[in-house]
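Secondary and tertiary structure notes
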Amino acid sequence: PGLPPGPEPWPLVGNFGFALLPPPLLRRWAVEVRGGSRGCPAFSPHVFLTGLTKLYGGVFRLFVGSRPFIVLNTFEAVREALVQKAEVFSDRPSVPIVLIITRKKGIIFAPYGPVWKQQRKFSLSTLRHFGVGRLSLEPKIIEELKFIKEEMLKHGKDSFNPFPIIRNAVSNVICSMAFGRRFNYEDTEFKTMLKNMARALELSVNRYMILVNICPWLYYLPFGPFWELRKTELDITAFLKKIIAQHRDTLDAANPRDFIDMYFIHAEEEKNKESSFNEDYLFFIIGDLFIAGTDTTSNTLLWCLLYMSLYPEVQEKVHAEIEAVLGRDKVPSLTHKAQMPFTEATIMEVQRMTAVVPLSIPRMASETAVLQGYTIPKGSVIVPNLWSVHRDPNIWEKPDEFQPSRFLDENGQLIKKETFIPFGMGKRVCMGEQLAKMELFLIFASLMQSFTFLYPENAAKPSMDGRFGLTLAPCPFNIIALKR
Ligand code: HEM
């Protein structure tokens, strides 16, 4: 078998020569192929790649320079690669931009192998130690809700931008586990760090970054997006290194306060073995927890608020369920989840529609292998298009319609669907899935218990394709939170 089909590449740049087009031309071109983005400034690669199914089928290849990028648009292809052939497709790409930024450390971009395995296992068990998946984390999340609600109440009946409030709150949940403390929403250092993280994510998938994979030295240009990314990276590094050093200097091994302390203790225990646990690696792990844990969960919550304000009839049903199970005063807990299938189905439907990590995190073929009947050469980058799977009309009836009831059976009970994969699949499935699910349920249920969300009457409706920056953020919007 040969390579999957795909468009003819240009010399040197491959199929991404279009990344060099000026934005208006690029948008026109994208809109002609499929929908493109309306109203939102960014080009939508997930929508664009999904549209290419019509031309090339569910598995096709593009070239970045001479390296094949294999896009998987169907569930069968994603499952075959990530689950059935996990031994071949669990590596991460060793392309220049990834090597430069992550140095292949941490968890997200670590090569598939023993170091990744040890670090992931330790991180998962430490997150569990701090209450992930158990009731003991609930008070920390509920405590954060007090601050979100206070902020929202300040706006009364006026519309406001919900992005900073939600992002601060979600980030604080990670802060409390990683650093043992939360930050005040007005804290300038904290605000700058969050802004930097969001910007770094956006810049790292900036279309010009594709060029770094072809000419790595471009990254060191003293101007433009490369320069901005390097500066943001330095600021984030300074912030995290300061906190790690403070922990090292005040560590009491008998009373670990948080993730960082636990890591130092473990590194000390492993000191005499050949071990990957050290302060340098810790820095990348903490960075990963923030990068992976903040934008994903906060964007999902923002999408939830946006959908509620645009679909008042769904919002009413969620309110009715909350009224019946929690009333006005009971604090939501994971123990209520089983009694609240409609609320749960609503969160799942938002996750289906928006696939917040739409192109997942790229994988790499560590060997030449056959996938869906095609040959995938060793070193190819694999792009599982989760957005496409979630919008596939062969799987979902009317996939572009927002219908939480698709996740419920005729008795109103939740149905699990294997094709619902917002957290990816296989050995590298999201490490924070349990934490994210806890946060989504508790924060969404609690906000819905306290507020009715309205879309401002005179405001234009935002594009629902979102803004792609590795994660998919809703396009900017304001909202009204009416106290119930
Ligand atoms: C990986 C989605 C929240 C930590 C991933 C992947 C996806 C994803 C699609 C790629 C999986 C793959 O390669 O197959 C999401 C979504 C979230 C979320 C939709 C929220 C709604 C979180 C949180 C954390 C986290 C809160 C923090 C603990 C990670 C890590 C990885 C990962 C460390 C890399 C795993 C590895 O390479 O072994 N996530 N994530 N995620 N996520 Fe999440």
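One can find the structure itself at the top, above this paragraph.
Now for a description of the structure that goes with this document. Keep in mind it's a predicted model, so treat the numbers as computed, not measured. (Residues numbered from 1 in each chain as written. Predicted model: local features only at pLDDT ≥ 70, side-chain atom pairs only at ≥ 80, totals over all residues. Heavy atoms only, no water.)

Our next topic: the overall build of the chain. Check the secondary structure of the chain and you find 18 helices and 10 strands. On C-alpha atoms alone, the chain measures out to a radius of gyration of 22 Å, which is about the 23 Å that the 2.2 N^0.38 rule sets for 484 residues. Its C-alpha atoms put the chain at 65 × 60 × 45 Å along the principal axes. For the chain, the proportion of its 484 residues judged to be buried stands at 56%. Within the chain, counting contacts between residues at least 6 apart in sequence, those at least 24 apart form 73% of the total. Carbon and sulfur atoms make up 57% of the accessible area of the chain, which amounts to about 21100 Å² in all. Side-chain charges in the chain split into 57 positive and 50 negative, and the spacing between the mean points of these groups amounts to 3 Å. (Helix = DSSP H or I, 4+ residues; strand = E, 2+ residues; numbered from the N terminus. Rg over C-alpha atoms; globule rule 2.2 N^0.38 Å. Buried < 20%, exposed > 50% of the residue type's maximum accessible area, 1.4 Å probe, protein only. Contact = heavy atoms within 4.5 Å. Areas by Shrake-Rupley, 256 points an atom, 1.4 Å probe, with all protein chains shown as cover. Lys, Arg positive; Asp, Glu negative; His and termini not counted. Charge placed at Lys NZ, Arg CZ, Asp CG, Glu CD.)

Let us now look at the pattern of salt bridges. Counted by the stated rule, this structure contains 23 salt bridges. One salt bridge in this structure joins Arg 352 and Glu 349, with 2.8 Å as the shortest N-O distance. In this pair, Arg 352 and Glu 349 are both assigned in helix α16 (residues 341-354), 3 residues apart and thus about one turn of the helix distant. Residues Arg 352 and Glu 349 agree in their burial class; the two are buried. As a salt-bridge pair, Arg 406 and Glu 349 come within 3.0 Å of each other at their nearest N and O atoms. Taken together, the residues span a long stretch of sequence, with Arg 406 in the loop between α17 (386-390) and α18 (433-450) and Glu 349 in helix α16 at a distance of 57 residues. (Salt bridge = Lys/Arg side-chain N within 4 Å of Asp/Glu carboxyl O.)

For the iron atom of the ligand, the protein supplies a single donor, Cys 430 (SG), at a distance of 2.3 Å. Mapped onto the secondary structure, Cys 430 falls in the loop between α17 and α18. (Donors = N, O, S within 2.8 Å, 3.2 Å for Na, K, Ca; no water.)

What is expected of a backbone is that most residues other than glycine have negative phi and most peptide bonds are trans. One non-glycine residue with positive phi stands out, namely Arg 103, at about 50 degrees. Structurally, the position occupied by Arg 103 is in the loop between α6 (96-102) and α7 (114-129). Here the phi dihedral of Lys 398 falls at roughly 40 degrees; this positive angle occurs in a residue that is not glycine. Mapped onto the secondary structure, Lys 398 falls in the loop between α17 and α18.

So, on to the packing of aromatic side chains. Each aromatic ring pair is specified by the distance between its two centres and by the angle formed by the two planes. Under the defined criterion, the tally for this structure stands at 22 aromatic pairs. With a centroid separation of 5.9 Å and 80 degrees between ring planes, the pair formed by Phe 122 and Phe 259 is classed as edge-to-face. Here Phe 259 lies in helix α13 (residues 259-269) and Phe 122 lies in helix α7, a separation of 137 residues in the sequence. Phe 259 carries the same exposure label as Phe 122, and that label is buried. Their ring planes at 50 degrees and their centres at 5.9 Å tell us that Phe 451 and Phe 453 sit as a pair that is tilted. Both residues of the pair, Phe 451 and Phe 453, belong to the buried class. Geometry around Phe 283 places Lys 241 over its ring, the cationic atom sitting 4.8 Å from the centre. (Phe/Tyr/Trp six-rings, centres within 6.5 Å; stacked < 30°, edge-to-face > 60°. Lys NZ or Arg CZ within 6 Å of the ring centre and 35° of its normal.)

One open sheet holds the 4 strands; their spatial order is β1-β2-β6-β3, and the pairing between them is mixed. Every interior strand has two partners, whereas the edge strands, β1 (59-64) and β3 (363-364), have only one. Strand direction decides the pairing type here: β1 and strand β2 (residues 67-72), joined by 6 bridges, are antiparallel. Each bridged residue has a counterpart across the sheet, and for Leu 62 the counterpart in β2 is Phe 69. Together, β1, β2, β3 and β6 (381-384) form the strand contacts of helix α4 (residues 75-84), whose direction differs from that of β2 by roughly 120 degrees. (Pairing = 2+ DSSP bridges. Axes fitted to C-alpha atoms, helices over the stretch in contact; angles between N-to-C directions.)

Around the ligand lies a shell of 26 residues, among which Arg 92, Trp 116, Arg 120, Arg 363 and Cys 430 are the nearest. Within the side chain of Arg 92, one N or O atom sits 2.8 Å away from an oxygen atom of the ligand. Arg 120 places a side-chain nitrogen or oxygen 2.8 Å from an oxygen atom of the ligand. Of all elements in the fold, only α7 and α14 (279-310) reach the threshold of two or more residues within the shell around the ligand. Its residues placed into classes, the shell around the ligand shows 15 nonpolar, 7 polar and 4 charged. (Near = heavy atom within 4 Å. Polar contact = N/O pair within 3.5 Å; in protein donor to acceptor, adjacent residues only side chain to side chain. Nonpolar A, V, L, I, M, F, W, Y, C, P; charged D, E, K, R; others polar.)

Here we come to the environment of Phe 423. Relative to the elements of secondary structure, Phe 423 occurs in the loop between α17 and α18. Once residues lying within four places of it in the same chain are set aside, the contact partners of Phe 423 are Gln 351, Val 429, Cys 430, Glu 433, Ala 436 and Lys 437.

Two numbers describe how α14 lies on α16: the axes approach to 10 Å, and their chain directions differ by 105 degrees. Regarding the angle of α14 to α16, the classification is roughly perpendicular. Contacts between α14 and α16 involve Thr 300, Trp 303, Cys 304, Tyr 307 and Met 308 from the first element and Thr 346, Val 350, Gln 351, Met 353 and Thr 354 from the second. (Parallel < 35°, antiparallel > 145°, perpendicular 65-115°, else oblique.)

We now examine the packing of helix α10 (residues 188-204) against helix α12 (residues 224-250). For the pair α10 and α12, interaxial distance at closest approach is 9 Å and the crossing angle is 140 degrees. In terms of axis orientation, α10 runs oblique to α12. In the packing of α10 onto α12, the handedness of the crossing is left-handed. Contacts from Glu 189, Met 193, Asn 196, Met 197, Arg 199, Ala 200, Leu 203 and Ser 204 of α10 reach α12 at Pro 225, Glu 228, Leu 229, Thr 232, Asp 235, Ile 236, Phe 239 and Lys 242. Of the residues that constitute the contact of α10 with α12, the class distribution is 8 nonpolar, 3 polar and 5 charged. (Left-handed = near helix turned anticlockwise from the far one by under 90°.)

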